[in-house]
Amino acid sequence: SKATVSVLNWLPRRVAPPPPHTTPYTMLRTALAVLAVCPPALAADGARFIVRFKDEAAHRSYAALTVQDLANGTIEVDLPRWHAVAARLSDDAVAALEADTRVESVEIDHRRSVQAHAELEPRGAPYGVAMVQADQVAEAAAPSKKLCIIDSGLDMAHPEFAGNGNIGGSDDPAGAGKWSEDATGHGTHVAGTIIGVQDGAGVVGVNAAGRLPVHIVKVFGRRGWAYSSSMVGALDECVDAGATIVSMSLGGYVRSSFEERAYARAAADGVLLIAAAGNDGTTRDSYPASYDSVVSVAAVDRREALAYFSQRTAQVELAGPGQNVVSTVPLKGYGRGYGTKSGTSMATPYVSGVAALVWNHVPACTAAEVRRALGATAKDLGDAGRDHSFGHGLVQARAALDALQASCGAGAATPEPATPEPATPKPATPEPATPKPATPEPA
C-alpha cells in the first residue's frame, strides 16, 4: 500500500473591499487585534500562510505589533533570514496584509510529507551499498563536509547511533519534539542508510566508519507531515549548523515560490540539496525535489528496475535503491531495531550518502561540481541517456570519486583502503522474530 501525500490545494475566500478612509496600516492593526483576542475562532476558520516582508525593518515592525499574537500561538514559525513568518490567518487578516505596502507576498503554506511505506521483515545486509559502489570507497580520515537530514528525528538510543559524537541536531520549534527521538521511524531508517556503522552487527551504511558529521533537524511528528515554511526553517538550521549537503526524504505536490527561492539561494551558496521524487508512480512533480536547485531521486529495486511507486518526471536526476531497503528503526515500538521500508525516501539517503562519501575526499570541489559528477558517472538505466524514470541513472560512488579527483581534486584527501577500520562494537541486538504482514506507514 502506497503512502499518499497530503496537500492543501485550495485558495482562501476573498473578502469585500475595506470601507473608505481605511489605510493598510489600520487594517493590519485591526486584523491583528482580532487574531490576538480570538485564537479559538481563528483555529477553526484560519488557514496557514507564509507572509514575506519587503525588508528587515518591515519584518521587525510587524513582529513588534504581534507580541500578543505570538503568545496566543497565531504565528507558528518566524523566519528572520527571509523576513517572513508562517501564521494561521483569517480572510480579513490576509486582505489586510496583502494591502500593506510593507508586505512583499502572502501565500498558502503547503504541506510536505514523508515518502515511504513500511514492510517490516528480518534484517540482512543492505543490498544497496554494493549497488552504489559505496563498498569501494571508504570514508575520508577527517570528513569536513557535514550532512544534514531533515526528517522525523533520530532514535539516539539505538545501538547504531548511541555514543556517536559526530551526530548533533535541532528540535522542531513548531512542536514536533526532540531531534533525538523518532515517533514514526522514518528519520531513523534514513539515517541508518547513511551512517550505519560497519562493526559486525546491525546494518552497514554508505558512510560506514562512523566519522561523517551529521546534523538532524526534526520537522515531522507522529502525523508524518509538516509545512513548507517548516522546511525553510529546517534548511536554515542546516545551514547554520555548517551543513553542505541536505537530505530530504519528503515532498508535496504544490509548488511554493517562497520555498523555491530559499532552496535556490542555498544552492547558490554552495549547499547540495537532495530530495525524494515522490511515491505515487505517476508523472506528477513533487516538491522540493522538482525545483531546479534540488536533485530529484527516483527509486529502483535490487534488480535495478524502476520501483512501481517511483515518480517519472523531467526533474528526476538520479536513482538509488529504494525498494525493501533494510535499515534501522527505533527500538521502542518497532520490534528489535531493524526493518525494511520502501519509497523514494529510502533511495534519497543513498544518493546523499554517496555525495558525502565522495565529496569528503575532494573538499576543494564545489557543490555544483559534485552534482555534475554524480550525474555524469551514474549507471545508465532504461532509455539511453537521461530519462524521466531514472534521470542520469543509478548513482555510483567509485566512478564519481574518480571523475572528481581527475577534474577538481587538487588537494584532495588521500583515500584510505577500501575496507574501513572496525568501529567500537555496538551492543548485541537479537534477531527479529517471524516477520509481520506489511503495515502501511501513515502519510
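You'll find the structure just up there.
Residues numbered from 1 in each chain as written. Predicted model: local features only at pLDDT ≥ 70, side-chain atom pairs only at ≥ 80, totals over all residues. Heavy atoms only, no water.

Engineer: Quick rundown of the state of the cysteines? Include the residues and the values.
Structural biologist: This model, assessed by the stated rule, comprises 2 disulfides. C148 shares a disulfide with C238; S-S distance 2.1 Å. Because the sign of the S-S torsion sets the handedness, a value of about -65 degrees for the bond joining C148 and C238 places this disulfide among the left-handed ones. Of this pair, C148 sits in strand 7 (residues 146–151) while C238 sits in helix 8 (residues 228–240), and the two are 90 residues apart along the sequence. Both residues of the pair, C148 and C238, count as buried. (Disulfide = S-S within 2.5 Å. Helix = DSSP H or I, 4+ residues; strand = E, 2+ residues; numbered from the N terminus. Buried < 20%, exposed > 50% of the residue type's maximum accessible area, 1.4 Å probe, protein only.)

Engineer: Got a sec to walk through the packing of aromatic side chains? Specific residues and values, please.
Structural biologist: As enumerated under the stated definition, the model contains 3 aromatic pairs in all. Note on Y263 and Y291: the rings are 5.9 Å apart at their centroids and 35 degrees apart in plane angle, and the pair reads as tilted. You can see Y263 sitting in helix 9 (residues 257–268) and its partner Y291 sitting in the loop between strand 13 (272–276) and strand 14 (294–300), a full 28 residues away along the chain. Y291 shares its class with Y263; the two are buried. (Phe/Tyr/Trp six-rings, centres within 6.5 Å; stacked < 30°, edge-to-face > 60°.)

Engineer: Quick one: what's the story with the pattern of salt bridges, residue by residue and with numbers?
Structural biologist: Any two side chains of opposite charge can pair, on the condition that their charged atoms come close. Within this structure, the stated rule accounts for 6 salt bridges. A salt bridge links D402 to R398; the shortest N-O distance between them is 2.9 Å. With a gap of 4 residues between them, D402 and R398 both fall in helix 12 (residues 397–407), about one helical turn apart. A relative accessible area of 40% means that D402 is categorised as partly exposed. (Salt bridge = Lys/Arg side-chain N within 4 Å of Asp/Glu carboxyl O.)

Engineer: Help me get a handle on helix 8, residues and values and all.
Structural biologist: With 13 residues, helix 8 ought to run about 18 Å at 1.5 Å a step, and its terminal C-alpha atoms sit 18 Å apart, in line with that. The element helix 8 is extensively covered by neighbouring structure, given that 10 of its 13 residues are classed as buried. Those residues of helix 8 lying buried are S228, S229, S230, M231, V232, G233, A234, L235, D236 and C238. G242 lies just past helix 8 and shows a positive phi near 90 degrees. (Expected span 1.5 Å × (residues − 1).)

Engineer: Hey, could you go over the side chain of N360 for me, with residue numbers and the actual values?
Structural biologist: By the secondary structure assignment, N360 is in the loop between helix 10 (344–359) and helix 11 (367–376). A distance of 2.7 Å separates the side chain of N360 from the backbone nitrogen of S144, its partner in a polar contact. Side-chain polar atoms of N360 contact the backbone oxygen of A356, separated by 3.0 Å. (Polar contact = N/O pair within 3.5 Å; in protein donor to acceptor, adjacent residues only side chain to side chain.)

Engineer: Describe the sheet that holds strand 9 (residues 214–218), naming the residues involved and giving the relevant values.
Structural biologist: Strand order in the open sheet made by the 7 strands is 8-9-7-11-13-14-15, with parallel pairing throughout. Edge strands, defined here as strands with exactly one partner in the open sheet, are strand 8 (167–170) and strand 15 (316–321). With direction set aside, neighbouring strand axes in the sheet form an average angle of 25 degrees. Pairing of strand 7 with strand 9 involves 5 bridges; the strand directions are parallel. Its bridge partner being in strand 9, D151 is matched across the sheet by K218. The sheet contacts of helix 8 involve strand 7, strand 8, strand 9, strand 11 (243–248) and strand 13, and relative to strand 7 the element is tilted by about 160 degrees. (Pairing = 2+ DSSP bridges. Axes fitted to C-alpha atoms, helices over the stretch in contact; angles between N-to-C directions. Contact = heavy atoms within 4.5 Å.)

Engineer: I'd like a description of the packing of helix 7 (residues 186–195) against helix 10, backed by residues and values.
Structural biologist: Interaxial distance between helix 7 and helix 10 falls to 8 Å at its minimum, and their mutual angle equals 35 degrees. As for how helix 7 packs across helix 10, the hand of that crossing is right-handed. For the pair formed by helix 7 and helix 10, the contact residues are H186, H189, V190, T193 and I194 on the first element and S345, M346, P349, Y350, S352 and G353 on the second. Classifying every residue of the contact of helix 7 with helix 10 by side-chain character gives 5 nonpolar, 6 polar and no charged. (Left-handed = near helix turned anticlockwise from the far one by under 90°. Nonpolar A, V, L, I, M, F, W, Y, C, P; charged D, E, K, R; others polar.)

Engineer: Tell me what's going on with the side chain of N279, and back it up with residues and numbers.
Structural biologist: Looking at the secondary structure, you find N279 in the loop between strand 13 and strand 14. A polar contact of 2.8 Å, which involves the side chain of N279, links it to the side chain of T344.

By themselves, these are just geometric observations and shouldn't be taken as functional.
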